[in-house]
Amino acid sequence: MPLYRLTLTLLLILLTATVGCENKSASSASRDPISIQHGDECHVCGMLIMNYPGPKGEAFERGQDKARKFCSTRDLFSYLLQPETQAVVREIYVHDMAETDWMNPLTAALVDARQAWYVVNQPLRGAMGPTLATFAKREAAEQFIQREGGRLLQFDDITLDVIADLDYGQYTAPDTQAHDSHDHH
């Protein structure tokens, strides 16, 4: 009987340790951003992402290895702020616009969206018109505000009301190469 209890106790300890390790590794696994390719479509609007200026984003859901990609930070937050989405999103990335060109953002400049700084009410257009300019560092966002105008926010400050209140009337393209039409394919 004592050997049986000892064996059972050891099995329970091993099982508990194994389950604990599996849960820890599954919950702490993170995905690095992946390259946005020509031909990738926005998860929200279906537009070809690389055809438009401004910061873009991507998000990974729990249990999914494929990123959901977005043509603008506006579309990214329209997706993220839905109640059913908030519970399943793991990693979220946006462009650090201090490290890349507004007209052609590079995937290598993607940073953790939860740590980024956001400028709203700024004049530069993204794929869907008004958008949130994104920066890895507060100082870069403040320098952008000095040049272009706008208001500084952090990730948790952004609500559906903030997205809905973006004013289309005051936005301009950074130069004549900006795409004013919304070609879908």
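Here three strands make up an open sheet; going across it, the order is β8-β5-β9 and the pairing antiparallel. Pairing within the sheet leaves two strands with one partner each, and these edge strands are β8 (133–135) and β9 (151–154). This sheet shows a mean twist of 30° between the axes of neighbouring strands, independent of strand direction.

Before going further, it helps to spend a moment on unusual backbone geometry. If you check the backbone angles, Asn121 has positive phi at about 60° while not being a glycine. Tracing the backbone shows Asn121 in the loop between β5 (117–120) and β6 (125–126).

What follows deals with the pattern of salt bridges. Under the definition given, this model contains five salt bridges. Here Asp65 ties to Arg31 by a salt bridge, and the two come within 4.0 Å at their closest N and O atoms. With Asp65 in the loop between β1 (57–61) and β2 (68–70) and Arg31 in the loop between α1 (2–28) and β1, this pair connects stretches of sequence that are 34 residues apart. The shortest N-O distance in the salt bridge between Glu91 and Arg90 comes to 3.1 Å. This pair shows no difference in class: Glu91 is buried, exactly as Arg90 is.

Bringing the packing of aromatic side chains into the picture now. Tallying each qualifying case throughout the model produces six aromatic pairs. With centroids separated by 5.0 Å and ring planes inclined at 35°, the aromatic side chains of Phe70 and Tyr79 adopt a geometry described as tilted. Residue classification places Phe70 among the buried positions, given a relative accessible area of 0%. According to the relative accessible area criterion, Tyr79 is buried, its value standing at 8%. Counting every residue linked through ring pairs, the aromatic cluster contains Phe77, Tyr118 and Phe155.

A few words on the side chain of Glu61. Its place among the elements puts Glu61 in strand β1. A polar side-chain atom of Glu61 sits 2.3 Å from a polar atom in the side chain of Tyr79. Every residue in contact with Glu61, bar those within four places of it in the chain, is listed here: Arg68, Tyr79, Val88, Val89 and Arg90.

For the protein, the average pLDDT comes to 80, and 74% of its residues sit at 70 or higher. The low-confidence segment residues 6–28 (pLDDT under 50) makes zero contacts with residues lying over four places distant or belonging to another chain. Counting interchain partners and residues more than four positions distant, the pLDDT-below-50 stretch residues 168–185 has 47 contacts.

What follows covers helix α4 (residues 138–148). By the burial criterion, the buried members of α4 are Ala140, Ala141, Phe144 and Ile145. Projection of α4 onto a plane perpendicular to its axis shows the buried side chains occupying an angular sector of 145°, all on one side. Opposite the buried face of α4, at more than 90 degrees from it, the exposed residues are Glu139, Gln143, Gln146 and Arg147. In the stretch just after α4, Gly149 is the one whose phi turns positive, near 95°.

Taken together, four strands build an open sheet; the order of strands is β2-β1-β3-β4 and the sheet is antiparallel. Either end of the sheet is taken by a strand with one partner, and the two such strands are β2 and β4 (110–112). Each adjacent strand pair in this sheet contributes to an overall mean axis angle of 25°, direction not counted. Most of the contacts of helix α2 (residues 73–80) go to strand β3 (residues 89–95), to which it runs at about 165°, and overall it touches β1, β2 and β3.

Core analysis: the largest hydrophobic core is formed by 28 residues, its most contacted members being Phe77, Leu80, Ile92, Tyr118 and Ile158. Among the elements of the structure, α2, β3, β5 and α5 (160–164) are those that each provide at least two residues to this core. Among the elements that take part in this core, α2 stands out by supplying four residues, more than any other. Not counting the four nearest positions on each side in its chain, Tyr118 is found in contact with Phe77, Val94, Ala113, Leu132, Ala133, Thr134, Arg151, Leu152, Leu153, Gln154, Phe155 and Ile158. Counting residues in each nonpolar core, the second largest holds twelve residues, with Trp102, Leu124, Phe135 and Ile145 among its members.

Procedures and definitions
- Residues numbered from 1 in each chain as written.
- Predicted model: local features only at pLDDT ≥ 70, side-chain atom pairs only at ≥ 80, totals over all residues.
- Heavy atoms only, no water.
- Pairing = 2+ DSSP bridges.
- Helix = DSSP H or I, 4+ residues; strand = E, 2+ residues; numbered from the N terminus.
- Axes fitted to C-alpha atoms, helices over the stretch in contact; angles between N-to-C directions.
- Salt bridge = Lys/Arg side-chain N within 4 Å of Asp/Glu carboxyl O.
- Buried < 20%, exposed > 50% of the residue type's maximum accessible area, 1.4 Å probe, protein only.
- Phe/Tyr/Trp six-rings, centres within 6.5 Å; stacked < 30°, edge-to-face > 60°.
- Polar contact = N/O pair within 3.5 Å; in protein donor to acceptor, adjacent residues only side chain to side chain.
- Contact = heavy atoms within 4.5 Å.
- pLDDT = per-residue confidence, 0-100.
- Arc of directions from axis to C-beta.
- Core = buried A, V, L, I, M, F, W, Y, C linked by side-chain atoms within 4.5 Å.

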